[in-house]
Each structure stands twice: as C-alpha cells, then as structure tokens.
Amino acid sequence: MDTEKTYTLRDLETTEFSGTPLAVIGHPIQHSVSPAMHNAALAKLSATDSRFMDWAYYRFDIAPEDFAQALPLFHQRNFLGLNLTIPHKVQAMDLIKGVSPDAEVAGAVNTLVWDELGYDGFNTDGYGLSKALELDLGVSLKGANVMLLGSGGAARGAAVQCVLEGCAQLYVGNRTPSRLQELMHVIGGMSGGECAKTFAFSQLPDDLPEQGVVVNATSLGLKEGDPAPIDVSQLPSGWKVYDMIYNPLTALLEQAHAEGLPIGNGLSMLVHQGARSLEIWSHHEVDAHAMMTAACHALNLPPRHD
Ligand code: NAP
C-alpha cells in the first residue's frame, strides 16, 4: 500500500489495508507531515522488533459530514490507531467509546486507540506542547508564568496542560470575548484553575512577572503577512516566546527574536504529540529524533539536531 497517497472514504470502503494500519484523518489533509513522521519512527521500531514490520501509517481526507460514517469503517477495518486533526477533534468526542480525563476537560481528542467495542480517545497535544517548551526553551510548566494567546481547540488543550502541571500564573487572551469566557469556564472548573486571568491583546497585563513564556495558540501567523497578535516589546526581557505554528516563521517570532527573546516554533510540538500517540499505540518507546528528521525533510526545512 502507498503511504504517500491521500486516501478517501471510498478507498476505505473498497480497499483492504493489511497488517496493522494507522492513519491521520483530517480535512484538508494533503499537506500533513504525520505519515512521513510516523513511518520513519515505525521503520526504526521494526529494525529492532519484528512485531512492527507490518505497521503502516496512512493519510485520509474525510469531510466533517462523512466522519460519523467513516469511524465505524476504520474500526471494522482494524485501524489500530487514528490521529484526528482539524476539523474532527471535537466531533469525535460523541462517537467514541471512552475518553481520557484530560481530553474530557479539553473537550477534544487527537488520538484514538482501537478496542473491540470501539475507539478510546486521548489528547496528546498538551503533552506535545509541554515537551516542546522543555526541549526548545528550557521551560517547565510547573511553576511557570504562561501567557496563552487564543481560545480555540489547541488553546484549550494547552490551558488544561498548564493547569494540570501546576503553572503559577496563566494569562489568557483571545480576539472573541465569548470564546475566551468559555475557556475560562473550563479552567475555572479545574483544581488549580484559579491561577488563570484574562487580558486583551491590545494591552498586556501590567503586573507581568519578570520571567514567563508566551504561547501562541491562535491561527494568526498561518498566512503570510499576518501581524503578531501582541506587541512583543511590552514583554519583560526575561520572557520567552513559543508559537504553535511551525511554518512559516511568524511575525510574533520574528519580533521576539528582534527583541532578543528566546523563541521556539510548533514543529517540536507536532513531533512530540505524534511520538506520544505512537507510544500509546505501540506501548514502546519511540524515536522522536527520527520523527523530527522526517518532518524537516517533508517540510523542506534544514535538519534539526534535537
Ligand atoms: P481553532 O480552534 O480554529 O482556533 C483558532 C484560534 O485562533 C482562536 O482563538 C481564534 O480566535 C484565533 N484567531 C483566528 N484568526 C485570528 C485573527 N485574525 N486574529 C486573532 N485571533 C485569531 O484552531 P486550533 O485547532 O486551536 O489551532 C490554532 C493554531 O494552533 C493553528 O495555527 C494550528 O495550526 C496550531 N496548532 C499546532 C499544533 C502543533 O502540533 N504544532 C497542534 C494544534 C494546533 P477567535 O475565537 O476570536 O476566532
């Protein structure tokens, strides 16, 4: 089977996926580097453990209106693991058998695991972010001051992770106030959630501590020419800036770099959320470095050595 191809619902109905198939499902999905990342890690795993020889990771373009029909078919066809990306992470919550407690609070799943009776859902985005902050910027979320930009799906996962890991302060801002309030409601229901407060992008909080990390979880920056969501020059000099967007370098990161602040982009989060998914499916340690190399290659980026 061709793991480079983008498959459809029709392919799922008509094709036999032998061995142990895995897949990412999204819409659109053709630019996803997940198959390259996961197949590189699977090649490493199968070099030392023959159990993984017949594992393969595919890419499926499934429209939101077809998702409820597609999921039982993936199950029937024995797809052991599925990664879900935009726009399926929330809809899947109502269609699966079980949800991990952190994914339940975040209200979204990105990793499904086959079980005889259906799929169980997990969310590895928060773990991916936490690992990325640690490796790229030397930031541990425990005790950290975090300024989170956004209140969409990715921001929800990030906020839940920040509170679960015990951040000191969590400043959350979003363009649309109603969505910001929804996220504050979620955080408010968590133990430790009292660390969170809101702010407006146009005016950063005036009580910012000397050190902290900004996490951009808005999609502002995805399009060329997008401005930075906040004025980086208002940050104290001990802050660091992480952008979940990995391609291209966003105005936020360019400005932070110009201010002399350490920066990191979302490639490391992408790699580590993927590595965690594969660990959940394989019950085996996964080579995240091989995944990073494959992701850089697929994105035509220079290789990274982390
Ligand atoms: P989403 O649910 O659609 O949320 C989008 C967020 O961006 C919302 O907070 C939205 O604010 C904000 N936004 C959109 N356009 C804006 C603008 N012009 N000005 C200010 N804010 C704007 O998307 P998502 O799934 O959370 O993804 C958010 C970003 O994270 C995307 O860029 C995605 O690629 C990235 N991401 C990266 C990884 C990774 O592994 N690196 C994983 C997940 C997501 P409103 O509420 O006001 O609309």
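Please refer to the structure placed before this passage.
Notes on the structure follow.

**Section: the overall build of the chain**
Assigned secondary structure in the chain consists of 10 helices and 13 strands. At 19 Å, the chain has a C-alpha radius of gyration in line with the 19 Å of a compact globule built from 306 residues. Expressed as a percentage of the 306 residues in the chain, the buried residues total 54%. The contacts in the chain between residues at least 6 apart in sequence include a share of 68% that link residues at least 24 apart. Accessible surface computed for the chain: about 13,800 Å², of which carbon and sulfur atoms make up 51%. Between the mean site of the 18 positive side-chain charges and the mean site of the 35 negative ones, the chain shows a separation of 1 Å.

**Some points on the side chain of Asp-125**
Its place among the elements puts Asp-125 in helix 5 (residues 125-137). With residues up to four places along the chain from it excluded, the contact list for Asp-125 reads Lys-89, Asn-110, Met-269 and Gln-273.

**As for the packing of aromatic side chains**
Throughout the structure, instances matching the rule amount to 12 aromatic pairs. Considering the side-chain rings of Tyr-7 and Phe-17, the 5.3 Å spacing of their centres and the 75° angle between planes classify their relative orientation as edge-to-face. Placement of Tyr-7 in strand 1 (residues 6-7) and of Phe-17 in the loop between helix 1 (9-14) and strand 2 (20-26) is noted, with a sequence separation of 10 residues between them. The two residues Tyr-7 and Phe-17 agree in class, both being buried. Site record: aromatic cluster; members linked through ring pairs are Tyr-7, Phe-17, Tyr-58, Phe-60, Phe-74 and Phe-79.

**As for the nonpolar core**
With 32 residues, the main nonpolar core has Leu-129, Leu-133, Val-146, Leu-148, Leu-170, Val-172 and Ile-187 as its most contacted residues. Ranked by the residues each element gives to this core, the list is headed by helix 6 (residues 153-164), at 6 residues. Ignoring sequence-local partners within four residues, the contact set of Leu-170 consists of Val-146, Leu-148, Ala-159, Cys-162, Val-163, Ile-187, Cys-195, Ala-196 and Lys-197. Among the nonpolar cores identified, the runner-up in size contains 26 residues, and Val-33, Leu-267, Ala-295 and Leu-299 belong to it.

**A few points about the layout of surface pockets**
One number sums up the size of the largest pocket: a volume of about 1,800 Å³. Lining the largest pocket we find 47 residues, and of these Thr-85, Ile-86, Ala-154, Ser-219 and Leu-222 sit closest to its centre. Of all the elements in the fold, those that place two or more residues in the lining of the largest pocket are strand 4 (81-84), helix 6 and helix 9 (267-282). Looking at the lining of the largest pocket, its residues break down into 20 nonpolar, 21 polar and 6 charged.

About the criteria used
- Think of each chain on its own: its residues are numbered from 1, step by step along the sequence as written.
- The predicted origin of the model limits local features to residues at a pLDDT of at least 70 and limits the giving and counting of side-chain atom pairs to 80 or more, whereas totals for whole chains, interfaces and linings rest on all residues.
- Side-chain metrics rest on all non-hydrogen atoms present in the structure, leaving aside hydrogens and water.
- To qualify as a helix, a DSSP run of H or I must reach at least 4 residues; to qualify as a strand, a run of E must reach at least 2; elements of each kind are numbered from the N terminus.
- C-alpha atoms define the radius of gyration in this analysis, and the globule rule sets the expected value at 2.2 Å times the number of residues to the power 0.38.
- Burial here depends on accessible area, computed with a 1.4 Å probe over protein chains only, as a share of the maximum for the residue type. Under 20% is buried, over 50% is exposed, and the range in between is partly exposed.
- Residues are treated as being in contact if the distance between any of their heavy atoms lies within 4.5 Å.
- For every accessible area listed, the method is Shrake-Rupley and the probe measures 1.4 Å; residues are considered covered only by the protein chains on display.
- Under this rule, positive means Lys or Arg and negative means Asp or Glu; His and the chain ends count for nothing.
- Each charge is placed at NZ for Lys, CZ for Arg, CG for Asp and CD for Glu.
- In summary, the pairing rule links any two rings of Phe, Tyr or Trp, Trp by its six-membered ring, whose centres are within 6.5 Å, and it sorts them by plane angle into stacked for under 30 degrees, edge-to-face for over 60 and tilted for everything else.
- Here, nonpolar core refers to any group of buried Ala, Val, Leu, Ile, Met, Phe, Trp, Tyr and Cys residues whose side-chain atoms link them within 4.5 Å.
- In this analysis the probe radius is 1.4 Å and the grid spacing 1 Å, with only protein atoms considered; a cavity is a set of points the probe fits into but cannot get out of, a pocket is an open set with protein on both sides within 12 Å along at least five of seven lines, and lining residues have an atom within 4 Å of a point.
- Grid points are joined across faces, edges and corners, and a volume is the space filled by probe spheres set on the points.
- Any residue outside Ala, Val, Leu, Ile, Met, Phe, Trp, Tyr, Cys, Pro, Asp, Glu, Lys and Arg is labelled polar, Gly included; the first ten of those are nonpolar and the last four are charged.

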